[in-house]
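# Residue-level structure breakdown
The primary structure of each chain is shown beneath.
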Amino acid sequence: MQGKPRPPATAAEAISRMDQYVALGLIGQQEVAQLLGLNVTDLTCLGHILGAGDTPLAAGDLAALTNLTTGAVTGVLNRLERAGYAHRQPDPADRRRVRVVADRAAAARVFAVYEPFYARLGALFDAYSPDEIAVIADWFGRATAEMRAHLARVRSGELGAVAP
């Protein structure tokens, strides 16, 4: 499949569009979280738990994926368990570790909210060639690594105080 001709765009235009998408996504995540009775951090963690599928994440893996401390992840897991979205189970290979498993009924509620949007995104990808999709996927993967590096600088205090 050939990709469609695209209008030219600069890196600054692409970053501006990304900023618009991310900003709208943040608002959307807040609204979805509210709909599901969660906060955004808990919804984000639940997304990773669901994304792990049949290979449950260890609590430490969830901390690494989200850039949260293990203490913060403990709080998230406590809230997700109380809300009925997930539960901890011992790791069969190492009883000192726990794995996090999503509740099937709760997962179905989450999927019901996201499936229409993901279907729309899937249809959007239909307009792109496999090579173009590979570029998009590569960019997102590399941009995620850059975000992690920047977040580490922010958290370390390296950027200094910027508030008035």
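Figured I'd write up the structure that's included with this text. (Residues numbered from 1 in each chain as written. Predicted model: local features only at pLDDT ≥ 70, side-chain atom pairs only at ≥ 80, totals over all residues. Heavy atoms only, no water.)

Tallied over the full model, the rule gives 8 salt bridges. Its salt-bridge partner being Asp 91, residue Arg 99 comes within 2.9 Å of it at the nearest N-O pair. Residue Asp 138 pairs with Arg 142 through a salt bridge whose shortest N-O separation is 3.4 Å. A residue pair is termed a helical-turn pair when its members lie 3 or 4 positions apart in one helix, as Asp 138 and Arg 142 do in helix α6 (residues 130–156) at 4 residues. Given a relative accessible area of 41%, Asp 138 falls into the partly exposed group. Salt bridges sharing partners connect three or more residues here, namely Asp 61, Asp 91 and Arg 99. (Salt bridge = Lys/Arg side-chain N within 4 Å of Asp/Glu carboxyl O. Helix = DSSP H or I, 4+ residues; strand = E, 2+ residues; numbered from the N terminus. Buried < 20%, exposed > 50% of the residue type's maximum accessible area, 1.4 Å probe, protein only.)

Before going further, it helps to examine the nonpolar core. Formed by 25 residues in total, the largest nonpolar core has its most connected members in Ile 49, Leu 80 and Tyr 85. The element that contributes the greatest number of residues to this core is helix α2 (residues 40–51), accounting for 5 residues. Beyond its immediate sequence surroundings of up to four residues, Tyr 85 is in contact with Leu 36, Leu 38, Leu 46, Leu 80, Val 101, Ala 102, Asp 103, Ala 106, Arg 109 and Val 110. (Core = buried A, V, L, I, M, F, W, Y, C linked by side-chain atoms within 4.5 Å. Contact = heavy atoms within 4.5 Å.)

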